[in-house]
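One-letter residues, chain by chain:
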Amino acid sequence: MDSGAGESSAADDYESLMSTTDAELLKSAWRNEKAAPEILKYDAGLVQRSRQQIQLMEEMMDEFNQNGVDPLTVSLYQMDLDRTMFLLRSYLRTRLQKIEKYIFHIQKTAEQWNRLSKQEQKFATRCAGDLKHHLEQSALSKLPDQYQSHLRQSAASEDDDMVPEPHLDAYVVCRSKKYLGAFQLDDGGEEPIDIEADDLYALPYKSIKPLVESGQIDLV
Amino acid sequence: MAGTSDPHGSAFSAAELEFLAEDEMIEIVPNLRMDPLNFISGDFGPFRPQIAAQAPLWLAVALKKRGKCTIRAPEWMSVDKLSQVLEAERDSEKFQPLPFHYVEISRLLFDHARDDIPDIYMVRSLIEDIKDVRFHKIGKGLEIISKERTYALRLKNLSAMEANIVRPFVTRALETFYKLGSSDMIQETDHAPNRQPQATNRGPRRQLKDR
């Protein structure tokens, strides 16, 4: 899958990791989450660090105000704080929207369920309960017995065919920070494509999923 | 929520793209003295009067609005450079390299730093022309997708805003080709050639596959 990626030495990776600030990481986590069709792994460490930074900055602002630091400087710090808070909020909110949308799918797939944070799992459980209750009350309970499941069209269905699932075949627009070499789309048969640094590509999400998860490629 | 029928349409709004563009660095000439700013998004400054410094666009615009600096238009935003780009853009099939956020950056500067951009009217109309030529090319490029079997698309030098605009169409078109080209679909069409309505629809699509 990652032929050619071996060329970049571990030292390079380490260096690029160290030079990437949390602000950058949060931005790409937000972008990826917005552009990916399915819910991605919750970045607990990043969210926690961002929250700490926000809190620290808020305390600093209080100090500034008490010490009579020039209002212009204070307002600039406030703008920076607002920008970070926007990113964090939008990141979390985008995830909640996805959870609401694919709730039953996420709930029954352990691998997806584990991508959620504790709080998100709590939200998901309540949301699924409420939605099920609502569907049953407003329609399902009035249908004949074999049509009462909120997951299946009828008792005769072989699997849960009324559960909306994320569309992994969807194409995404992505960009790599460095040259990734020849990349084989997953179904074989096709010519591998060269992924150059900083160029945009439209590729099926399914086939670049591992690269998104490992942070080698960014969705834009 | 007009776009809900297409769960994977434009991923970003214009405002969100502008937000991202505001993190691009630009040169400013401050007219005040300010200690280094240690932001969450990075460390900037110190600023000294009349000494050029780098700042993210949002900071530059904030200072500019308060009359605390002038913004130096980036090099690519000169009449010379833009004329070259426009000419090359017209002569070539390819997209010329421009900053990823050129549309948003120029827009922000036109809105907030009019007096800092030399030949603003000329610059503005050049950028408009470049945008038009590029959009025309995008349209032509999309025709190619429909002629050849395409599984992956390289959008070399396409900017953020351009990519975001073509995204809904391009991603769905590619996805449809991908589906039609997959082996399940071919088997299905072979097994069921007699279903009248679909058969007529599928005729041309199968040709695509054969190429």
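Remember, it's a predicted structure, so these values are computed and weren't measured experimentally.

**Re the overall build of chain B**
The helix and strand inventory of chain B stands at eight helices and six strands. Starting at the N terminus and walking to the C terminus, you meet the elements of chain B as α-β-β-β-β-α-β-α-α-α-β-α-α-α. Here chain B holds 211 residues, and the buried ones make up 46% of them. For chain B, contacts bridging at least 24 residues in sequence account for 68% of all contacts bridging at least 6. Accessible area for chain B stands at about 11,600 Å²; split by element, carbon and sulfur atoms hold 50% of it.

**Concerning the overall build of chain A**
A count of helical and extended segments in chain A gives eight helices and five strands. Helices and strands appear in chain A in the N-to-C order α-α-α-α-α-α-α-β-β-β-β-α-β. Here chain A holds 220 residues, and 42% of them are scored as buried. Taking the intrachain contacts of chain A between residues at least 6 apart in sequence as the baseline, contacts between residues at least 24 apart amount to 61%.

**Digging into empty space enclosed by the protein**
Tallied over the full model, the rule gives three cavities of 30 Å³ or more. If you trace the second largest cavity, you find it lined by Arg31 and Val220 of chain A together with Phe12, Leu17, Leu20, Phe100, Ala160, Ala163, Asn164 and Arg167 of chain B. Mapped onto the lining of the second largest cavity, the elements with two or more residues apiece are helix 1 (14–21) and helix 6 (160–181) of chain B. It is helix 6 of chain B that provides the largest number of residues to the lining of the second largest cavity, a total of four residues. In the lining of the second largest cavity, the residues fall into seven nonpolar, one polar and two charged.

**Describing the sheet that holds strand 5 (residues 69–72) of chain B**
Residues and elements named next belong to chain B. The strand order across the open sheet built from three strands is 4-1-5, with neighbouring strands paired in antiparallel fashion. Single-partner strands in this sheet number two, and they are strand 4 (53–56) and strand 5. Neighbour to neighbour, the strand axes of the sheet diverge by 45° on average, direction disregarded. Across four bridges, strand 1 (residues 25–30) lies against strand 5 in antiparallel orientation. Directly across from isoleucine 28, in strand 5, lies its bridge partner isoleucine 71.

**Describing the UniProt feature "domain: DNA replication complex GINS protein PSF2 N-terminal" (unreviewed entry) in chain B**
The feature "domain: DNA replication complex GINS protein PSF2 N-terminal" (unreviewed entry), as annotated in UniProt, sits at residues 14–71 of chain B in this numbering. Taken as a whole, residues 14–71 of chain B contains 29% helix and 33% strand, while its terminal C-alpha atoms sit 23 Å from one another.

**Comments concerning the confidence of the model for chain A**
Residues and elements named next belong to chain A. Model confidence for chain A is summarised by a mean pLDDT of 88, while 89% of its residues fall at 70 or above. Confidence, read as mean pLDDT per element, is least for helix 1 (residues 10–19) in chain A (58) and greatest for helix 4 (residues 71–101) (96). Of the regions scoring below 50 in pLDDT, residues 1–8 engages in 11 contacts with residues more than four places distant in sequence or in other chains.

**Considerations on the interface of chain A and chain B**
The interface of chain A with chain B comprises 45 residues on the first partner and 42 residues on the second. Both faces considered, chain A and chain B share a buried interface measuring about 4,000 Å² in area, 65% of it formed by carbon and sulfur atoms. Summed over the three residues of chain A that lose the most area to chain B, namely Arg83, Tyr171 and Leu200 of chain A, the buried surface amounts to 20% of that side. Applying the counting rule to chain A against chain B returns six salt bridges. In this structure, the salt-bridge partner of aspartate 199 of chain A is arginine 154 of chain B, at a minimum N-O distance of 2.6 Å. Seen at the junction of chain A and chain B, the total is 14 residue pairs in polar contact (both at pLDDT 80 or more). Elements supplying a minimum of two residues to the side of chain A that touches chain B: helix 2 (22–35), helix 3 (44–66), helix 4, strand 1 (171–176) and strand 4 (200–204) of chain A.

**As for a negative patch on the surface**
On the surface, a cluster of negative charge is made up of Glu58, Glu59, Asp62 and Glu63 of chain A. Relative to the helices and strands, glutamate 59 of chain A is located in helix 3.

**What to know about the pattern of salt bridges**
Across all of its chains, the model carries 28 salt bridges over all chains by this definition. The network of salt bridges with shared partners includes Glu24, Lys27 and Arg83 of chain A together with Glu22 and Asp23 of chain B.

**What to know about helix 3 of chain A**
The end-to-end C-alpha distance of helix 3 of chain A is 33 Å, a good match for the 33 Å that 23 residues give at a rise of 1.5 Å each. Of the positions making up helix 3 of chain A, those classed as buried are Leu46, Val47, Ser50, Ile54, Met57, Met61 and Phe64 of chain A. In this structure, the buried side of helix 3 of chain A is in contact with helix 2 and helix 4 of chain A together with strand 2 (37–39) of chain B. Positive phi shows up at glycine 68 of chain A, right after helix 3 of chain A, with a value of about 65°.

**Let's talk about the nonpolar core**
Leu76, Ile208 and Leu219 of chain A together with Ile28, Phe47, Leu59 and Leu109 of chain B are the most contacted members of the largest nonpolar core, which has 104 residues in total. Per-element tally for this core: the top contributor is helix 4 of chain A, with nine residues. Dropping the residues within four chain positions of it, isoleucine 28 of chain B is found in contact with Phe47, Ile51, Ala52, Ala53, Ala55, Ala60, Leu63, Cys69, Thr70 and Ile71 of chain B. Counting 10 residues, the second-largest nonpolar core is a separate cluster that includes Ile39, Phe104, Leu116 and Ala124 of chain A.

**Concerning the sheet that holds strand 5 (residues 217–219) of chain A**
The four strands lie next to each other as 5(A)-1(A)-4(A)-6(B), forming an open sheet whose pairing is antiparallel. With one partner strand each, in any of the chains shown, strand 5 of chain A together with strand 6 (153–155) of chain B form the two edges of the open sheet. The sheet shows a mean angle of 40° between the axes of neighbouring strands, direction not considered. As judged from the five bridges shared by strand 1 of chain A and strand 4 of chain A, these two strands associate in the antiparallel manner. Looking at strand 4 of chain A, one finds that tyrosine 171 of chain A is bridged to proline 204 of chain A. Sheet strands in contact with helix 6 of chain B are strand 1 and strand 4 of chain A together with strand 6 of chain B, and its direction is about 120° off that of strand 1 of chain A.

Parameters and conventions
Counting restarts for each chain, with residues numbered from 1 along the sequence as it is written. Key to labels: chains lettered from A, ligands numbered from 1, both in the order written. Given that the model is predicted, a residue must reach a pLDDT of at least 70 before its local features are reported, and side-chain atom pairs must reach 80 or more before they are shown or counted; all residues, however, enter totals for whole chains, interfaces and linings. Derived side-chain values reflect all non-hydrogen atoms in the structure, with water molecules and hydrogen atoms excluded from consideration. Strands are runs of DSSP state E lasting at least two residues, helices are runs of H or I lasting at least four, and both sets are numbered from the N terminus onward. The rule is simple: take the accessible area with a 1.4 Å probe, protein chains only, and divide by the maximum for that residue type; under 20% is buried, over 50% is exposed, in between is partly exposed. Should any heavy atoms of two residues lie within 4.5 Å, those residues are counted as being in contact. Note on areas: these come from Shrake-Rupley sampling with a 1.4 Å probe, and a residue is covered only by the protein chains present in the view. Points on a 1 Å grid, built from protein atoms alone, make a cavity when a 1.4 Å probe fits but cannot get out and make a pocket when they are open with protein on both sides within 12 Å along at least 5 of 7 lines; residues with an atom within 4 Å of a point are the lining residues. Grid points are joined across faces, edges and corners, and a volume is the space filled by probe spheres set on the points. Polarity classes work like this: nonpolar for Ala, Val, Leu, Ile, Met, Phe, Trp, Tyr, Cys and Pro, charged for Asp, Glu, Lys and Arg, and polar for all others, with Gly in that last group. A pair of strands is labelled paired if DSSP reports no fewer than 2 bridges between them. For helices, the fitted axis covers only the stretch in contact; all axes are lines through C-alpha atoms, and the angles between them, taken along N-to-C directions, range from 0 to 180 degrees. UniProt positions are given in the numbering used here, feature names are shortened, and annotations may be inferred rather than shown by experiment. A residue's pLDDT is simply how confident the predictor is in it, with values from 0 to 100. Here the quantity called buried area is the accessible surface, traced with a 1.4 Å probe, that two parts lose on coming together, added over both. We count a salt bridge whenever a side-chain nitrogen from Lys or Arg sits within 4 Å of a carboxyl oxygen from Asp or Glu. Whenever a nitrogen or oxygen atom comes within 3.5 Å of another N or O atom, the pair is scored as a polar contact, on the condition that within protein one atom can donate a hydrogen and the other can accept it, and that pairs from neighbouring residues in sequence are kept only if both atoms are in side chains. Patch construction takes residues with relative accessible area above 30% that form no salt bridge. Like charges are linked within 9 Å, and nonpolar side chains (Val, Leu, Ile, Met, Phe, Trp, Tyr) are linked within 5 Å. Positive residues here are Lys and Arg, negative ones are Asp and Glu, while His and the chain termini are left out of the count. A charge is said to be at NZ when it belongs to Lys, at CZ for Arg, at CG for Asp and at CD for Glu. Between the first and last residue of a helix there are one fewer steps than residues, each counted as 1.5 Å, and that sum is the expected span. Nonpolar cores were defined as sets of buried Ala, Val, Leu, Ile, Met, Phe, Trp, Tyr and Cys residues, with membership established by side-chain atoms within 4.5 Å.

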